[in-house]
Amino acid sequence: MSNHDVVKSNSQNVQKEMIARNYDKITSGKVKVSSTFVPGNLNELLMCFDIANNLPEINAIQNAMRKKSGEMIMEAERSGHSEDVCTYVKADIGMMAKGNIAPNGKPFPDPDVLLLSYTGCFTFLKWFELLREQYKCPTVMLQVPYAADGAPTKNMRDYIVKQLKEEVIPTLEKISGIKFDIDRLREYLRKSAIAEDDLVWMLEQSKRKPSPIDCYFGGVYYMGPIFTAFRGTDEAIEYYKLLRGEIEERIRLGLCAQTPDGDMPEEKYRLVVEGPPNWTSFREFWKMFYEAGAVVVASSYTKVGGVYDYDGFRHDPEHPLETLADYCLGVYTNRNLPTRVDMLARNIREYEADGLLINSIKSCNSFSAGQLVMMREVEKLTGKPGAFIETDLVDPRYFSAANVKNRLESYFQMIDQKRRAGSSAIAA
Amino acid sequence: MSTKSVKEIATYCQEIFEDLDFSKAREWKAAQAGRKVIGFMPVYVPREIIHAAGMLPLGILGGGADMEVIHGDAYYQSYICRIPRSTIELAITGRLDFVDGMMFPSICDVIRNLSGIWKLLFKDKYVRYFDAPQNFKDNIGGVFYANELRELKEGLERLSGRTVSDADLSNSIALYNENRRWVNKVYDFRSATPWKAPSAEVYLLMRAGMVLPVEEHTLLMQDYLAAAEAENRPMRDNCRVAISGSFCEQPPLNLIKSLEMAGCYIVDDDFMLVNRWIKGDVSTDGDPIESLAKAFLHQSAETAAKYEVDMNVKGAYLLDIIDKRKADGVIFAAPSFCDPALLDQPMLVSRLEARKIPYITMQYAENSGQMQPIREQAGTFADSIKLWGAA
Ligand code: SF4
Ligand code: SF4
């Protein structure tokens, strides 16, 4: 099927326009630009200073989906970067070496500030030290302590708030020339919470049978606006309202999840997925699922930019800086392994899934280190079978379609067997 | 005056190094009822607090070259470094059964997640992920860190059932100050007369410090220095190198030996930074927790696990080491799949290139067996340094 035939909903088209507008804004030369990371990003705060939000991870994804990341990664390796390290970093560095061209064809401007939100991943620290070598621009760090005991402590929260007050905000004021207005932040946060309500509603619809949405492959689109440059805007509110309407309509019609090839005719398997998707063969990867009738009803990747459903977090305009702290502390990869296990096991139970599939990413220690233990723990807790596949985010060398397909097929067979065993046990 | 020979000391340290059952630590624990042992991983934990709580800090640096990892591979994918899998292997084979708690410093996501695995697998053990500030201002990172240290102290108090007074802490700080002074003396001695203190020996001596009580380790270093000074060893025409990047998973001892045999005297390294993390003494006056926090913020070692706030200072510590130790070059030796070391490396390399300081890069795993390529690489490096030096 050619790209022209891809079935797209209205909300997808709206999102595409939103992203295009943001790239136009970033490359316009008319606004200050900050580079920052997705997990726990401070979009509302950046907006208080009229600073545009450029996310290198998203650029790496965009390049991977356009099949450009492989060459960029090799470029970075040629310039001395190890084969063994995070490929997002190398895709970014390689992109710079190749002219730093944005998806709209215009060159990215050098960032005015690197906002190093060090949340949930150690590599971020090194990534922006590396970018700083190139751009030589101001760099401000927000360290988010790891919630190692399952819940954030007062000390962690206080530390973040203090960094916001004494490091991040003063730096952004200086760069933008705009004085910080806490009421402006409150207003954005209020808007964030409205969109977040609709987002959580959306996430929970896949409890239905059949699920009207796919919460991994489809989910990454649905999460786009909230995780990137739109949280806190009217556009995001509108987007999620529109999405909600579309899903309500799908529910009314009793449709199975939407895919690029149209609606799934039948839902045979319901999965929970842990780990990011592969981006270089995203469509091919997705197809392996929907062709087998497998829908992903919940995924941890849709919590990577913030967890809203597990413990009910919403941005709280009454406590603007504290809420930013809680948001950063709560992102998925900033939570300890027992919490991640609990979240996945709960998902399997509440979404009545057949099991847990882990897509382990070669270059991402933040997600991957410990996943084999997590799988066994989730199996123990739920009695449902788990499966493990290995790919990479944006390095095409590590996506072996045949291996992944084989593994998935045997997994689906295993689920079938389990079901048969379950029904004969009941019959007996 | 010590009567122990270098050989005796080296053999003693080698035995400690090879003993994956940690008998010395077990003996220490068994000697008195109620004693507790706290394991810790690289790169740094404040051992002073563990010691003040009457416990033995035990450095766990993986399983080394000879341990067969049978179960560990079921816990870790092939593209993750080796130290977590061999550490898990140590634990599930019962070699750490006497360890009452584990500390996992904030060095990278692998060690971070290992803290969670420990929580899942060893539910009855004390587990502490040890977070450290990346903001080095007293009123920001310092406040956070001092509170983390207090939490650590309280946790250990609960575990040991005894209160840790300021006097206990100051006493421990003084002991570790003394220990660090001797560690530095050993390093200075090796740098001044590397033929008298082969790196494999110095390495084993430092490794002994991961297992022995601090007081014993200090005495051992004193003995070693006296013995090594008295020993007559031939000086070789080696070049002088600093090792960078080996701060977590350790290179096999054979790798260290191979470098020296290939013509490179190691005059500085980052093998066990915990021994030398604080530069100078920690103050024994005033609130000891505040003193430990200040020492961390303002006088601790630089390594890839720390954020460098000022780009212009990035890598300066390595240049300083090269100056201080009169090193001819640097060997970047990093564990395979080690994000912190490998991502930091290009930045350090650029600083060396700007000063035309020779370097080579290599990767290893703690169980790498083939040393021939390493010997050849290091030998060529040593030869080329001598050639340039002569030109
Ligand atoms: S290690 Fe993982 S979380 Fe971290 S930057 Fe790379 S892909 Fe992102
Ligand atoms: S060797 Fe490197 S990647 Fe592995 S645990 Fe240590 S610091 Fe982390």
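The following refers to the structure shown. Only a predicted model underlies this, so the values are computations on that prediction, with no experimental measurement involved. (Residues numbered from 1 in each chain as written. Chains lettered and ligands numbered in written order. Predicted model: local features only at pLDDT ≥ 70, side-chain atom pairs only at ≥ 80, totals over all residues. Heavy atoms only, no water.)

**Some details on the overall build of chain A**
Note the cut-off: Under the scheme used here, helices are H or I runs from DSSP no shorter than 4 residues and strands are E runs no shorter than 2 residues, and both carry numbers assigned from the N terminus. In this treatment the radius of gyration is a C-alpha quantity, and the globule benchmark scales as 2.2 Å times the residue count to the 0.38 power. Relative accessibility under 20% of the residue-type maximum defines a buried residue, over 50% an exposed one, and the middle range a partly exposed one, all with a 1.4 Å probe and only protein chains included. Note on contacts: a residue pair qualifies if any of its non-hydrogen atoms lie within 4.5 Å across the two residues. To measure how exposed things are, a 1.4 Å probe is used in the Shrake-Rupley method; for residues, cover is taken only from the protein chains shown. Asp and Glu count as negative and Lys and Arg as positive, but His and the ends of the chain are not part of the count. In this description, the location of a charge corresponds to atom NZ of lysine, CZ of arginine, CG of aspartate or CD of glutamate.
Looking only at helices and strands, one finds 16 helices and ten strands in chain A. For a compact globule of 428 residues, the expected C-alpha radius of gyration is about 22 Å, and chain A comes in at 21 Å, within 12% of that figure. A principal-axis box enclosing the C-alpha atoms of chain A has dimensions of 75 × 50 × 40 Å. A buried classification covers 64% of the 428 residues belonging to chain A. For chain A, contacts bridging at least 24 residues in sequence account for 77% of all contacts bridging at least 6. Carbon and sulfur atoms make up 50% of the accessible area of chain A, which totals about 15300 Å². A gap of 1 Å separates the mean positions of the 54 positive and 59 negative side-chain charges of chain A.

**Looking at the overall build of chain B**
Across its full length, chain B holds 14 helices and eight strands. Here the C-alpha radius of gyration of chain B, 20 Å, is about what a compact globule of 391 residues would show, namely 21 Å. Seen through its principal axes, chain B has C-alpha atoms that stretch 65 × 50 × 45 Å. Across the 391 residues of chain B, 63% fall into the buried class. Once local pairs closer than 6 in sequence are excluded, the contacts in chain B between residues at least 24 apart make up 75%. Put simply, chain B has 44 plus and 53 minus side-chain charges, and the middle of one group is 1 Å from the middle of the other.

**Comments concerning the packing of aromatic side chains**
Selection criterion: Each pair of aromatic rings taken from Phe, Tyr and Trp, with Trp reduced to its six-membered ring, is defined by centres within 6.5 Å and is described as stacked if the planes are under 30 degrees apart, edge-to-face if over 60, and tilted in the remaining cases. For a Lys NZ or an Arg CZ to count as sitting over a ring, it must be within 6 Å of the ring centre and within 35 degrees of the ring normal.
For the coordinates displayed, the defined rule picks out 40 aromatic pairs over all chains. Taking 4.2 Å as the distance between ring centres and 10 degrees as the angle between the ring planes, the aromatic pair formed by Tyr159 of chain A and Phe144 of chain B counts as stacked. In this pair, Tyr159 of chain A is assigned in helix H7 (residues 154-176) and Phe144 of chain B in helix H6 (residues 138-160), connecting two distinct chains. Accessibility classification places Tyr159 of chain A together with Phe144 of chain B in one group, the buried group. It is Arg376 of chain A that lies over the ring of Tyr75 of chain B; its NZ or CZ is 4.7 Å from the centre. Between the NZ or CZ atom of Lys185 of chain B and the centre of the ring of Trp182 of chain B, over which it lies, the distance is 3.8 Å.

**Digging into the packing of helix H8 (residues 182-204) of chain A against helix H10 (residues 234-253) of chain A**
Residue and element names in this part refer to chain A. Let me state the cut-off plainly: The axes used here are C-alpha line fits, helices contributing only the stretch in contact, and every angle between their N-to-C directions lies in the interval 0 to 180 degrees. Small angles under 35 degrees read as roughly parallel and large ones over 145 as roughly antiparallel, with 65 to 115 read as roughly perpendicular and the rest as oblique. Handedness of a crossing is defined here by the sense of rotation of the near helix relative to the far one, left-handed for an anticlockwise turn of less than a right angle and right-handed for a clockwise turn. Ten residue types, Ala, Val, Leu, Ile, Met, Phe, Trp, Tyr, Cys and Pro, are classed as nonpolar, four, Asp, Glu, Lys and Arg, as charged, and the remainder, Gly among them, as polar.
It is the contact of H8 with H10, at a shortest axis distance of 9 Å, that shows an interaxial angle of 20 degrees. Comparing their axes, H10 and H8 come out roughly parallel. You can see that H8 and H10 cross each other, and the crossing is left-handed. Residues Lys191, Ile194, Ala195, Asp198, Leu199, Trp201 and Met202 of H8 lie in contact with H10, whose contacting residues are Asp234, Ala236, Ile237, Tyr240, Lys241, Leu243, Arg244, Ile247, Glu248 and Ile251. Residue composition of the contact of H8 with H10, by class: eleven nonpolar, no polar and six charged.

**Notes on the site of ligand 1**
All names here are of chain A. Condition: The rule for a residue being near a molecule or strand is that one of its heavy atoms must lie within 4 Å of it.
Ligand 1 sits among Cys86, Tyr88, Cys121, Thr123, Phe124, Trp127, Cys364 and Leu393. Here the shell around ligand 1 takes three residues from helix H6 (residues 123-135), the largest share from any one element. Class assignment for the residues of the shell around ligand 1 results in seven nonpolar, one polar and no charged.

**What about the pairing of strand E7 (residues 329-335) of chain B?**
All names here are of chain B. Rule in force here: When DSSP locates at least two bridges between a pair of strands, those strands are taken to pair. Seen with its strands pointing away from the viewer, a crossover is right-handed if its path from the first strand over the helix to the second goes clockwise.
In terms of residue burial, E7 counts as a mostly covered element, since seven of its seven residues are buried. Examined bridge by bridge, E7 and strand E8 (residues 359-364) share six bridges and lie parallel to one another. Opposite Phe332, over in E8, you have Thr361 as the bridge partner. Taken together, E7, helix H13 (residues 339-354) and E8 form a β-α-β motif whose crossover is right-handed.

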